[in-house]
Amino acid sequence: MAPAGEVELARRVASAVVDPEIPVLTIADLGILRQVSWDEGRVRVTITPTYSGCPAMRQIEDDLRSALAGAGLADVEIATVHHPAWSSDWITAEGREKLAAFGIAPPLPDGVVLCPRCQSSTPRLVARFGSTACKALMVCSSCGEPFDYFKEY
Amino acid sequence: MSAETATTGSESLVTALVAHGDDNLVLAQRLGEWISNAPELEEDIALGNIALDHLGVARALYTHAGEIEGRGRTEDDFAMRRAEREFLNVLLVEQPNGDFAHTMIRALFFDVYQVDLWEGLSGSDDETLSGIAARASKEARYHLLHSSAWVVRLGDGTEESHRRAQGAVDALWRYTGELFQGPGQVSPERWRATIEQVLDEAGLEVPDDPYQRGGGRRGLHSEHLGSLLAEMQWMQRSYPGLQW
C-alpha cells in the first residue's frame, strides 16, 4: 500500500477513537489528536494532553494502538507533544454539539455557560472540580437541572 | 557557544526541570493523602483533581528532563528511584497536611508562586517547557481560585476556623522565602502583594517573624520528606522494576 493510503487510513481510524472519559466525543472532536503522518517508514500519530493530569492519556494511547492494529497498521509510533498547549478552543463545533446533546455544557466564549436542558444562561457553580479534571459541577437556577460543565480552558 | 557551555546550560535546565517536577510530585503525594479524608465529598474530589494536575506536570517535566539529559532516565527513575537527598523540592510542599486550614494556606502560598512561575516559563525558548508551562499556568490559576476562596472562608469564618488559619499562616510563613531562590524568576514583591490581598480579605495577618528556612533546593530536607518518599517509593524499592 502506498504511504498516502496508509496515512489516510490511519487518520480515519485514529479520528474515530473515542475519549475514555467522555465517550460521546472522539479524540479528534476534543483536539487531542494532533497529527497523523508518515515518518521514517511508518505511521506516526501525535497526541496532546488536555489537562496535565489527564489520567486517560495512557488509555488513549492503548486504544489508538489497538484500533490501528485492527485496521492492519501494527507498526505505529504514538508521540505525546506538549507544544503548543491544548486549549478548549480546539474542541470542534461538532464536538460542542455532541457535548450539549449528551448533557454536558460545552465551553463557550467569554465563559458563557448554557444549561444543556433549558438553555438558560444563569447557572450556579456547585463545585469547581467535577467528575473529571476538565469539568465543573453546575446547577441551573432556572430549571433546577444539575449538570457538568466542560471548563473553558 | 562552546560544547562546554552548552553542556552546562542543559545541565542547569535539567536541574530546574527536576526541581519544579519535585515540587509538583511531592505536593501531589501530600494532597493525595486527603482522598477519602476531606471534610466533604466535593473537597475530596477537588483535592484529588488538583493532585492529579500536579502529578501530570511533574511527569511531563521529568520526561522532558530525561530527554535533555540523554542518559535514558525516565519519569519513573526520577520519581521512584532517587533518594531523599536527591530531591530538590522546596520545604513548603513536603510539610505535613495538618488540618484543612493548614493544607489550604500551604496551597495558597504555593499556587500564587506557581501562577507567576508558569506564566514566565510559558515564554521559554524550549518549546516543550513552554507548552507544559502554558498548560500548568492555567491550572495554577484555577487552583488559586480554590485555595484563595477557602482561605477567605476559613479566615473570615468562625473563631475556631480563624484561629486555625492564622496558626497555619504563622507556621508555614518560614517556608515561603525559599520559593524565590530559584530556579525560575518569580518576583517576591508581586507574590507578597497577592498574598497580602487574600490574607487581608480573610482577616488574617502576615507574621512579624523574619525567620526563614531553606535547603530544599540543595537536597537538605525537613524530617517529613523521608517518610513521604518511603511510602511513595515502597513498591518500586521492594520489587525493583515492577510494572503494572
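Since the structure is predicted, the reported quantities are computational estimates derived from the model, not experimental observations.

What counts as what
Residues numbered from 1 in each chain as written. Chains lettered and ligands numbered in written order. Predicted model: local features only at pLDDT ≥ 70, side-chain atom pairs only at ≥ 80, totals over all residues. Helix = DSSP H or I, 4+ residues; strand = E, 2+ residues; numbered from the N terminus. Buried ≥ 20, exposed ≤ 12 C-beta atoms within 10 Å, placed from the backbone. Contact = placed C-beta atoms within 7 Å. Pairing = 2+ DSSP bridges. Axes fitted to C-alpha atoms, helices over the stretch in contact; angles between N-to-C directions. pLDDT = per-residue confidence, 0-100. Nonpolar A, V, L, I, M, F, W, Y, C, P; charged D, E, K, R; others polar. Expected span 1.5 Å × (residues − 1). Domains from an automatic or database assignment. Core = buried A, V, L, I, M, F, W, Y, C linked by C-beta atoms within 7 Å.

Enquirer: In this structure, what is going on with the overall build of chain B? I would like to understand it.
Expert: Helices and strands together make up the secondary structure of chain B, namely nine helices and zero strands. Referenced to the eigenvectors of the C-alpha coordinate spread, the extents of chain B come out at roughly 60 × 45 × 30 Å. Looking at the 244 residues of chain B, the share that counts as buried comes to 44%. The long-range share in chain B, meaning contacts at least 24 apart out of those at least 6 apart in sequence, stands at 76%.

Enquirer: Is there a simple way to think about the sheet that holds strand 3 (residues 76–80) of chain A in this case?
Expert: Adjacent strands of a sheet form backbone hydrogen bonds with each other and so pair up, either parallel or antiparallel. Residue and element names in this part refer to chain A. Taken in spatial order, the three strands of this open sheet run 1-2-3, and their pairing is mixed. On the outer flanks of this sheet lie strand 1 (33–39) and strand 3, each paired with one strand and no other. Sheet twist, expressed as the mean angle between neighbouring strand axes with direction ignored, is 20 degrees. Relative to strand 2 (residues 42–47), strand 1 runs antiparallel, the two being bridged by six bridges. Bridge pairing in strand 2 places Ser37 opposite Arg44. Its contacts with the sheet put helix 1 (residues 3–15) on strand 1 and strand 2, and the angle it makes with strand 1 is roughly 160 degrees. Along the sheet, helix 3 (residues 57–70) makes contact with strand 2 and strand 3, crossing strand 3 at roughly 160 degrees.

Enquirer: Would you explain the confidence of the model for chain B in this entry?
Expert: Should the pLDDT be low somewhere, the predicted coordinates at that spot are not to be read in detail. All names here are of chain B. For chain B, per-residue confidence averages 95 on the pLDDT scale, and residues scoring 70 or more make up 97% of the total. Throughout residues 1–5 the model reports pLDDT below 50, and contacts reaching past four residues in sequence, or to other chains, amount to one contact. We note a pTM of 0.93 for the whole complex and an ipTM of 0.88 for its interfaces.

Enquirer: What exactly am I supposed to notice about the interface of chain A and chain B here?
Expert: Where interface size is given, it is often the accessible area lost as the parts come together that is meant. Chain A puts 16 residues into the contact, and the matching count from chain B is 22 residues. The class makeup of the residues in the side of chain A that touches chain B is eleven nonpolar, four polar and one charged.

Enquirer: Just checking my understanding: could you explain helix 2 (residues 41–69) of chain B for this structure?
Expert: For an α-helix, the turn length of 3.6 residues means that residues three or four places apart are oriented alike. Taking 1.5 Å of rise per residue, the 29 residues of helix 2 of chain B would be expected to cover 42 Å, and the 42 Å separating its terminal C-alpha atoms lies within 8% of that figure. Once helix 2 of chain B finishes, Gly70 of chain B follows within two positions and takes phi at roughly 75 degrees, a positive value.

Enquirer: What am I meant to see in the environment of Thr92 of chain A here?
Expert: All names here are of chain A. In this fold, Thr92 is placed in the loop between strand 3 and helix 4 (93–102). Residue Thr92 is classed as partly exposed on the basis of its C-beta count, with 14 C-beta atoms lying within 10 Å. Expressed as a C-alpha distance, the spacing of Thr92 and Leu30, which sit 62 residues apart in the sequence, is 6.7 Å.

Enquirer: I keep staring at the pairing of strand 6 (residues 135–140) of chain A and nothing clicks. Help me out?
Expert: Residues and elements named next belong to chain A. Examined bridge by bridge, strand 5 (residues 123–127) and strand 6 share four bridges and lie antiparallel to one another. From the neighbouring strand, Arg124 faces strand 6, where its bridge partner is Val139. Pairing between strand 6 and strand 7 (residues 146–150): five bridges, direction antiparallel. Within the sheet, the bridge partner assigned to Val139 lies in strand 7 and is Pro146. Linking two consecutive strands that pair antiparallel, namely strand 6 and strand 7, is a turn of five residues; a positive phi of about 85 degrees is found at Gly144 within it.

Enquirer: I'm lost on the domain arrangement of chain A in this one. Help?
Expert: Residue and element names in this part refer to chain A. Domain boundaries in chain A define domain 1 (3–86) and domain 2 (92–150). Distance from the C-alpha centre of domain 1 to the C-alpha centre of domain 2: 27 Å. Taken together, the residues of the side of domain 1 that touches domain 2 sort by class into five nonpolar, two polar and two charged.

Enquirer: Just checking my understanding: could you explain the nonpolar core for this structure?
Expert: Buried together is how nonpolar side chains tend to be arranged in soluble globular proteins. Counting 107 residues, the largest nonpolar core has Ala14 of chain A together with Leu92, Met104, Ile105, Phe109, Val151 and Ala165 of chain B as the members making the most contacts within it. By residue number, the principal contributor to this core is helix 5 (residues 100–121) of chain B, which donates 14 residues.

Enquirer: Where do I start with the packing of helix 6 (residues 127–155) of chain B against helix 8 (residues 188–202) of chain B in this structure?
Expert: When two helices pack together, their arrangement is given by the angle between their axes and by how far apart the axes lie. Residues and elements named next belong to chain B. One can describe the packing of helix 6 onto helix 8 by two numbers: an axis separation of 7 Å at closest approach and a directional angle of 35 degrees. Listed contacts from helix 8 to Ser148, Val151, Val152 and Gly155 of helix 6 are Val198, Glu201 and Ala202. A breakdown of the residues in the contact of helix 6 with helix 8 according to their chemical character gives four nonpolar, two polar and one charged.

Enquirer: I tried to follow the sheet that holds strand 5 of chain A on my own but got confused; where do I start?
Expert: Residues and elements named next belong to chain A. Read across the open sheet, the four strands follow the order 4-7-6-5; overall the sheet is mixed. One side of each edge strand has no neighbouring strand; the edge strands of this open sheet are strand 4 (104–105) and strand 5. Alignment of strand 4 against strand 7, held across two bridges, turns out to be parallel. Paired with Ala105 across the bridge in strand 7 is Tyr149.

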